[in-house]
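A closer look at the structure
This is what each chain is made of:
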Amino acid sequence: MSAIRTLVELLAGCRNAADLAPREWDGVIAVARAEALLATLAHRIDGAALPEPVARLLADARAAADVATAQALWEAEMARRALAPAGVDFVLLKGAAYAAADLPCAPGRQIGDLDILVARDALPGAEAALITAGWEWVKEDVYDDAYYRDHMHELPPLIHKLRDRMIDVHHTIIPPTARPSPDAASMLDRAIMLPNGYKVLHPFDRMIHCAAHLFADGDLAGGLRNLWDFHCLTRDFQARGDGDSDTPEGALGYDAWLGDMRARARLWGLGPAVRRASHLSAALFENAGDYRRLSLGDRLFRARLLARDDWGRETRPFLRLAFYIRSHWLRMPPLMLARHLWTKWRKGHAAAR
Amino acid sequence: MRHSIRIAVGPVQFRIGSDWAGPVAALGHLYAGYPQDDTRPADATVRLYANRPWRRWLRPSVHIGGDYIVPDALPLPLSMGLLAAEMGMNLQVALGWRRHLLLHASAVARDDRSVILSGASGSGKSTLAALLGESGWRLMGDEFTLIDPASGDALAFPRAVSLKNEAIAEVEARVGPARLGPLLAGTPKGDIRHLIPRADAVAAMHEPVRPALLLFPQFGGAPAIERIGQGEAFVRLTEASTNYIALGEAGFAALTRLVRETPAFTIAYPDSATGMSLVEQLWALAPR
Amino acid sequence: MADPAYRAAGEGMLRIEPLGELAAIFDRRSQQTHLVTQPMPEILAALAAGPCDAAGLAARLADSFDLDGEGDAAAILTERLQELTAMGLVEPV
């Protein structure tokens, strides 16, 4: 079995970590690192009987992830200190939200930039407050700036001049040029206040955002990690509902709430993304290896998600390229895509001379 | 990958894969005397690869990859495959190792106590350690020294020493050709030749050693010794560490303890013989 | 703008290790290390009693420090408090 499938089965819990041959870990560790899932795996199989070098490496990974999570949450705290006095309300997204809400996918999860969602009309205030507090533009380039403001779903990325950490301020969860159009105002309305003072998306919106991020807003790089998030979010909600939301705790059956979430996703044109995420996460992480119910399209996505060899190398270059082009296609109407690529190309050309 | 080799240096088990036989054979020669446990899973994976299939034969150039990569790293010609392997191994340790506080420093030991030499490239820390390693000291490493947060001890990382430029002749005058790798002339870092550490240094690589002296060597200028304070040593070592920030409080505790318990000096020296005698001089005065 | 009051980190959040004339501060919330000189550790210790503004801080510190000219002391402390705020070690309330 390939290392990446072994990784999936270990995460799914349908393969006993103690049964792996010592040298099988070579590949599992390499692909887990490549997919940014090593510390997640380390938490998932904590306590298993492992070869001593593997046990030590995974303990290292857990400890390092604890440090990284604290650092990421500190960025949320810094954003709060900058934005609260300016009266800007914000919602944590993705990794920082999972950590702040202490969700099951959080232990060991790598968190990159801080992603926050603010109301569209609060953007100028957020921008000014962050700049006063020491964040600055990463790119001074006029085209990129105009491009972000006109077409993307976030301010151009800001980086803190002392801490060297990025913040992405979104006003909607996927670019307005992309075809699905989620209702950011409704997401902000339904956001949940955590006991620690941070706001996170309603569980439904969290899942929809995760699925949207996985399929509609990217070339599927890091897709396995995102799919694992989706799996954990759905399992978590199924297991305990959410006492802070308007959904009675544990009152809804799995199918009923899944139906509710899908209805909301469909309303925003994200039904297909949620449906595909559900199929793939079920096939990979619930009945690992049972791919019989996947459609041809789902199977292509699965192949892309698992395109990595035992040395951690990317495989299937043509499939990867196809997904890369698809990601630009989805985010931009074709004519705009052509103009975007043309401008990028001309700048690259000029720089080369 | 087509060719591969497993190498253990200090606490790190490497797995190195290559599209070519050459770099793997050269590594096999340098690391033949290192302990080998074929059942031990790898801590770190290094890949030496051609980024287009035909580039394995046509003007072959070696790209450096692995668990951690530097996006825009330039490839090296196949004749420098050994240097590519060394850079790949360094990269995995520098970016991936989390068990110990990692100092960009060479180290030597005597009587279970160590001298840690920290400095940028060109400070001569590598040459000094290599020469001391041939003069009654146990070579712990020429590039990385690991500090165990639990015990405060220094741990060795005795990879094959990367001798550069003038240092090559200095060492060639003292050791036989059997302990030297091939000469890699005209690399981006100048001429390079690897030195295989003495067998006793390799055999002792898992033995922790108490830090006794922290030195910050500077090659060039009149001989000079200057004591530096704990705060300055702390700042210099955070800058010399690739994982200080990632270790959080464990790194903080290890480093504050190290600079409190270990006297620190800068040394300036015009040539290796003077540098070695300054180390011996400070060693004689070091508290024990 | 009125002189704000500042709040120190919660108990146990900072680990302060003297290093000769400097002090290394590890902030367990941010996982950051700050190297500071006197009177930063003293300011943090004085704030532990509860939030206060620069003038109040000058009064608290007067017991252990020889602060000449009260106006000056408060101005200097305001600067130090702003530096500590930038490090995230204290927070205006």
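This text follows the structure it describes.
So, how was this worked out
- Residues numbered from 1 in each chain as written.
- Chains lettered and ligands numbered in written order.
- Predicted model: local features only at pLDDT ≥ 70, side-chain atom pairs only at ≥ 80, totals over all residues.
- Heavy atoms only, no water.
- Helix = DSSP H or I, 4+ residues; strand = E, 2+ residues; numbered from the N terminus.
- Rg over C-alpha atoms; globule rule 2.2 N^0.38 Å.
- Buried < 20%, exposed > 50% of the residue type's maximum accessible area, 1.4 Å probe, protein only.
- Contact = heavy atoms within 4.5 Å.
- Areas by Shrake-Rupley, 256 points an atom, 1.4 Å probe, with all protein chains shown as cover.
- Lys, Arg positive; Asp, Glu negative; His and termini not counted.
- Charge placed at Lys NZ, Arg CZ, Asp CG, Glu CD.
- Pairing = 2+ DSSP bridges.
- Axes fitted to C-alpha atoms, helices over the stretch in contact; angles between N-to-C directions.
- Expected span 1.5 Å × (residues − 1).
- Polar contact = N/O pair within 3.5 Å; in protein donor to acceptor, adjacent residues only side chain to side chain.
- Parallel < 35°, antiparallel > 145°, perpendicular 65-115°, else oblique.
- Nonpolar A, V, L, I, M, F, W, Y, C, P; charged D, E, K, R; others polar.
- Buried area = accessible area lost by both parts, 1.4 Å probe.
- Salt bridge = Lys/Arg side-chain N within 4 Å of Asp/Glu carboxyl O.
- Phe/Tyr/Trp six-rings, centres within 6.5 Å; stacked < 30°, edge-to-face > 60°.
- Lys NZ or Arg CZ within 6 Å of the ring centre and 35° of its normal.

Here we take up the overall build of chain C. Scanning chain C from N- to C-terminus turns up three helices and five strands. Listing the helices and strands of chain C from first to last along the sequence gives β-β-β-β-α-α-α-β. Here chain C has a C-alpha radius of gyration of 13 Å; the compact-globule value for 93 residues is 12 Å, and the two agree. Within chain C, the proportion of its 93 residues that are buried is 38%. The contacts of chain C with a sequence gap of at least 6 include a subset with a gap of at least 24, amounting to 51%. When the accessible surface of chain C is split by element, carbon and sulfur atoms take 52% of a total near 4,800 Å². Between the averaged position of the 6 positive side-chain charges in chain C and that of its 15 negative side-chain charges there is a distance of 12 Å.

Below, the discussion takes up the sheet that holds strand E3 (residues 22-27) of chain C. Residue and element names in this part refer to chain C. Strand order in the open sheet formed by three strands is E2-E3-E4, and the pairing between neighbours is antiparallel. A single partner strand is all that each edge strand has here, and the edge strands are strand E2 (14-19) and strand E4 (32-36). Across the sheet, the axes of successive neighbouring strands diverge by a mean angle of 20°, strand direction being ignored. Judged from the five bridges that link them, E3 and E4 form a sheet pairing that is antiparallel. Across the sheet, Phe26 pairs through a bridge with Thr33, a residue of E4.

Let us look at helix H9 (residues 272-285) of chain B. All names here are of chain B. Given a rise of 1.5 Å per residue, 14 residues ought to cover 20 Å, and the 20 Å separating the end C-alpha atoms of H9 matches this to within 8%. Within the sequence span of H9, burial applies to Ser272, Thr274, Gly275, Met276, Leu278, Val279, Leu282 and Trp283. The opening residue of H9, the one whose side-chain oxygen lies 3.2 Å from the backbone nitrogen of Ala273, is Asp271.

All names here are of chain B. In the contact formed by helix H3 (residues 125-133) and H9, the axes pass within 10 Å of each other and the chain directions differ by 70°. On the basis of their axis angle, the class for H3 and H9 is roughly perpendicular. Of the residues in H9, those touching H3 at Thr127, Leu128, Leu131 and Leu132 are Ser272, Gly275, Met276 and Val279. Residue composition of the contact of H3 with H9, by class: five nonpolar, three polar and no charged.

To continue, consider the interface of chain B and chain A. If you look at the interface, chain B gives 25 residues, while chain A gives 21 residues. Roughly 1,900 Å² is buried in total at the junction of chain B and chain A, and carbon and sulfur atoms are behind 52% of that figure. Three residues stand out in chain B for area buried against chain A, namely Arg15, Pro41 and Arg99 of chain B, and they jointly supply 31% of the buried area on that side. Taken together, the connections running from chain B to chain A amount to three salt bridges. Arg33 of chain A is paired through a salt bridge with Asp67 of chain B; the nearest N and O atoms lie 2.7 Å apart. On inspection of chain B and its partner chain A, the count reaches eleven residue pairs in polar contact (both at pLDDT 80 or more). For the side of chain B that touches chain A, the secondary-structure elements that each account for two or more residues are strand E1 (3-9), strand E2 (12-18), strand E3 (44-49) and helix H7 (244-247) of chain B. For the side of chain B that touches chain A, the leading source of residues is E3 of chain B, giving four residues.

For the coordinates displayed, the defined rule picks out ten aromatic pairs over all chains. Ring geometry for Phe204 of chain A versus Phe237 of chain A: centroids 5.4 Å apart, planes at 70°, classification edge-to-face. Of this pair, Phe204 of chain A sits in helix H9 (residues 203-216) while Phe237 of chain A sits in helix H10 (residues 223-240), placing them 33 residues apart in sequence. Owing to a relative accessible area of 4%, Phe237 of chain A belongs among the buried residues under this scheme. Members of the aromatic cluster, connected to one another through ring pairs, are Phe234, Tyr244 and Phe252 of chain B together with Phe26 of chain C. Positioned over the ring face of Trp137 of chain B is Arg110 of chain B, at 4.0 Å from the centre of the ring. Directly above the ring of Trp283 of chain B sits Arg113 of chain B, whose terminal nitrogen or CZ lies 4.8 Å from the centroid.

This paragraph deals with the sheet that holds strand E5 (residues 76-77) of chain B. Residues and elements named next belong to chain B. An order of E1-E2-E3-E4-E5 is seen for the five strands of this open sheet, with the pairing classed as mixed. Every other strand in the sheet has two partners, leaving E1 and E5 as the edge strands with one partner each. Of the strand pairs in this sheet, E3 and strand E4 (residues 61-66) are connected by four bridges, and their pairing is antiparallel. Along E4, the bridge assignment pairs Val46 with Gly66. The sheet strands contacting helix H1 (residues 21-30) are E1, E2 and E3, and the helix crosses E1 at an angle near 30°. Relative to the sheet, helix H2 (residues 81-96) contacts E1, E2, E3, E4 and E5, its axis offset from that of E3 by approximately 150°.

Facing nine residues of chain A, the contacting portion of chain C comprises eight residues. Where chain A meets chain C, there are two salt bridges. Between Glu91 of chain C and Arg81 of chain A there is a salt bridge whose closest N-O contact spans 3.7 Å. Applying the counting rule to chain A against chain C returns two residue pairs in polar contact (both at pLDDT 80 or more). Split into classes, the residues belonging to the side of chain A that touches chain C amount to four nonpolar, one polar and four charged.

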